[in-house]
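Coordinate analysis (summary)
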Amino acid sequence: MRRKRTCIVVATALFCLAGCQWKEDVVDWDEEADFRDGDLVLRCGRGVESRAVTTASRAPYSHIGLLHYDEGWMVVHVVPDEAPEGDRDTVKCEPIKEFFSPRKARQGAWMRIRCSDSVAAAAVRYALQKQQAGVAFDNDYQLSDTQRLYCTELVYQSFLHHGIDITDGRRHQALPLFCQDSVVIYPNDISDSKHTLFVKPFKTKKP
């Protein structure tokens, strides 16, 4: 699967690198922010796939996860190519500092869904169940396959399980090199939703 993804990345690079210039900014996420369980964080990565997503969606962010407090703020998310060699990529829960690590993120934001604290907390508990079950990353980006998940699908399913379609039914035409379905959910399908209360970009600084 890693070899397959490498071929996809090389092919996609021809599409998305032309005219792109990426500064080596570091996300200065706000340690004093009034986060709540079930809030969302967004980032734009430094890799070719991140550039493909932001180019195709015409939006600033390529990845999304749910916040959870456990002796510090953690992010529940699923992403490709971050598991140790030989392991599969699965839903994981990692410190927010690692989520916004300079090697992973060049910009970021904090987002809140318009719902009660209890619903938001229930949504992230649903995502944590997927993490504990070892649900794998969906390399084919298939919304029709809920046995594997990609980042926006995890967030979407977490709230849909509690009665909220945080995408308002929005879908984008998928990049054919990535996806076996005809449509995909991008992060801005969530950030542009009527269910989104706010999106607050974090400042960036030079390393």
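Residues numbered from 1 in each chain as written. Predicted model: local features only at pLDDT ≥ 70, side-chain atom pairs only at ≥ 80, totals over all residues. Heavy atoms only, no water.

Moving on, we come to the packing of helix 4 (residues 117-132) against helix 5 (residues 151-160). For the pair helix 4 and helix 5, the least separation of the axes is 8 Å and the interaxial angle reads 125°. Taken together, the axis directions place helix 4 and helix 5 in an arrangement best described as oblique. At the point where helix 4 passes helix 5, the crossing takes the right-handed sense. From helix 4, Ala120, Ala123, Tyr126, Ala127 and Lys130 reach across to helix 5, where they touch Leu154, Gln157, Ser158 and Phe159. (Axes fitted to C-alpha atoms, helices over the stretch in contact; angles between N-to-C directions. Helix = DSSP H or I, 4+ residues; strand = E, 2+ residues; numbered from the N terminus. Parallel < 35°, antiparallel > 145°, perpendicular 65-115°, else oblique. Left-handed = near helix turned anticlockwise from the far one by under 90°. Contact = heavy atoms within 4.5 Å.)

Here we take up the nonpolar core. Membership of the largest hydrophobic core comes to 36 residues, with the highest contact counts inside it found for Leu40, Ile64, Leu66, Val155, Phe159 and Ile190. Those residues within four positions of Val155 in sequence are excluded, and the remaining contacts are Leu40, Ile64, Gly65, Leu66, Ile166 and Ile190. The next biggest cluster of nonpolar side chains, apart from the first, holds 14 residues, and it includes Trp29, Ala33, Phe99 and Phe202. (Core = buried A, V, L, I, M, F, W, Y, C linked by side-chain atoms within 4.5 Å. Buried < 20%, exposed > 50% of the residue type's maximum accessible area, 1.4 Å probe, protein only.)

Judged by pairing direction, the sheet is antiparallel, and its six strands sit side by side in the order 5-4-3-2-6-9 without closing on themselves. Either end of the sheet is taken by a strand with one partner, and the two such strands are strand 5 (92-95) and strand 9 (196-201). Averaged over all pairs of adjacent strands, the angle between their axes in this sheet comes to 30°, without regard to strand direction. In this structure, strand 6 (residues 107-113) lies alongside strand 9, joined through five bridges in antiparallel fashion. When the bridges of strand 9 are listed, Arg112 appears paired with Phe198. Against the sheet, helix 4 engages strand 3 (63-69), strand 4 (73-77) and strand 5, with an angle of about 105° to strand 3. (Pairing = 2+ DSSP bridges.)

Just distances and angles here, no functional claims.
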